Amino acid sequence: MGNLSILNTISPAENGLVTLKTGTITSSDKLLMMNEGGTIDRSGGELDNEPGYFETVNILYTGASPITTGPELHAGTPSVNINVTVENDGEGVTLSGSRIINNLTLTDGNLSIGTFNLTANSVTGGASGYVVADGTGEFKLTGITTPTLFPVGHATGYTPLSISNTDPSDFAVNLKTVSNLAGFVAPLPSPDFVKLQWNIARIAGGTAEVIFNWNSGENFAGTPAEPVLARYDGSNWVSAGTAVFGTNTVTVSGITSFSPFAAYGDSLSTVYVSTSGSNTNTGEISAPKLTINEGFRVVKTLGTVNVAAGTYAEKVTVNRDVTISGAGATTIVNGTSTSGVFNLTRSGITLENMTINNSSALYGVEVASGINNILIQNNTILNNGQKGIYFAD
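Structure report, in brief. (Residues numbered from 1 in each chain as written. Predicted model: local features only at pLDDT ≥ 70, side-chain atom pairs only at ≥ 80, totals over all residues. Heavy atoms only, no water.)

Taken together, the four strands give an open sheet; going across it, the order is β33-β36-β39-β42, and neighbouring strands pair in parallel fashion. The open sheet has two edge strands, β33 (310-313) and β42 (380-382), and neither has a second partner. Going from strand to strand, the sheet's axes swing by 15° on average, the running direction of each strand aside. By the bridge criterion, three bridges tie strand β39 (residues 355-357) to β42 in an arrangement that is parallel. Residue pairing in the sheet places N357 in a bridge with L382 of β42. (Pairing = 2+ DSSP bridges. Helix = DSSP H or I, 4+ residues; strand = E, 2+ residues; numbered from the N terminus. Axes fitted to C-alpha atoms, helices over the stretch in contact; angles between N-to-C directions.)

Okay, here's the thing in structure tokens:
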């Protein structure tokens, strides 16, 4: 069809249908009025202005070509129920702005939200039709209590979530594909990880259970003995809850706080640190960390942090039984005028093969009260303001 100009109100009967195949319907705002149960079927044509709606209306995206949503999806909070169905031979629909709808049905084709937010009361979807939520926009479902499928994924894969919550609450999700540690909101404490970061926000309280899923190409590189599903609390990756891992999936119960989530494998038994490294590196010998603190953060308990020659200006608190080993006197750890260098607060620590100096106000090494089985060997400790090694009472 060609273009159609509407100069006076057109109002299809109840359950009426307007099909847009090609061209544009031009009208003043709301001259096209859809009655209860009416349907607008867009397979290629478009509107240039918002239609008016009474009660419940249905928007269908059909045909065999990609479609970008238009004025048929009202902006803001609609006063009626808008149901949206995507069924366009897998070509997909792109959201053109943040929208609130009633029900979303994804039959054959994805809905890409990009930088926009989409809120729905319910959704039906699966591998043949899902919400592509790998941008900054969020897909939100309202009033979640019983297990509810979030049919979400990224441009090349379906990676759904299932969420239940003890108290009715809205949940907003998006996800990010990640190829290296630098891609996460903060580096993980392991070089082995699932290549997704899930960002989940909850509007109210309660305790939740979430089932995370991913594709085989996004799986751990190895076979971790003790995989972890963690969330980032703004400072560290911490346990998200009780996790049960399966094949390309993990179920996590007892979740009370929400933020970015990630799954990672075992920490390294030996982590390498070098002045030429980066804290976004894995910590392996070919990709060392930059700081001793970061090396200690990611090393496995009973493991070793190997510190290459160079000068490191840090204060390091060691609260797990690990070994921190330098390359000899050329591994120099400098304190500052206001802090010590090493603070040992756990039994079973070894500190060896380095120069520890320039804590002009305090101690080179401070050992907390009640600590035993500490090995401090082959170090040069000098130029520290009060004591080289101090054992607290």
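After presenting the structure, the write-up continues.
Quick look at the sheet that holds strand β18 (residues 139-144) now. What the eight strands build is an open sheet, ordered β12-β15-β18-β23-β24-β30-β26-β27; its pairing is mixed. The open sheet has two free edges, formed respectively by β12 (99-100) and β27 (237-239), since each of these has just one partner strand. Examined bridge by bridge, strand β15 (residues 118-120) and β18 share three bridges and lie parallel to one another. Directly across from A120, in β18, lies its bridge partner L141.

Now for the nonpolar core. Counting 51 residues, the largest nonpolar core has L104, F139, F150, W198, I200 and F212 as its most contacted members. Leaving out residues up to four positions away in the same chain, F139 has contacts with L104, I113, L118, A120, V123, V131, F150, P151, V152, F171, A172 and V173. (Core = buried A, V, L, I, M, F, W, Y, C linked by side-chain atoms within 4.5 Å. Buried < 20%, exposed > 50% of the residue type's maximum accessible area, 1.4 Å probe, protein only. Contact = heavy atoms within 4.5 Å.)

Turning our eyes to something else, we now look at the pairing of strand β8 (residues 56-61). The two faces of β8 differ: V57, I59 and Y61 on one face are buried, but T56, N58 and L60 on the other face are not. Judged from the five bridges that link them, strand β5 (residues 38-42) and β8 form a sheet pairing that is parallel. Across the sheet, the residue bridging to I40 is I59, located in β8. Summarising the sheet, β8 and strand β10 (residues 81-87) pair through six bridges and their orientation is parallel. Considered in β10, the bridge of V57 is made with I82.

Turning our attention to the pairing of strand β23 (residues 169-177). Pairing between β18 and β23: four bridges, direction antiparallel. For L141, the partnering residue across the bridge sits in β23 and is F171. Direction of pairing for β23 relative to strand β24 (residues 196-202): antiparallel, over a ladder of seven bridges. Paired with N174 across the two strands is N199, which belongs to β24.

Within this structure, the stated rule accounts for three salt bridges. Between R42 and E72 there is a salt bridge, and its shortest N-O distance comes to 3.0 Å. Taken together, the residues span a long stretch of sequence, with R42 in strand β5 and E72 in the loop between β9 (67-68) and β10 at a distance of 30 residues. Accessibility assignment for this pair places R42 and E72 in one class, buried. (Salt bridge = Lys/Arg side-chain N within 4 Å of Asp/Glu carboxyl O.)

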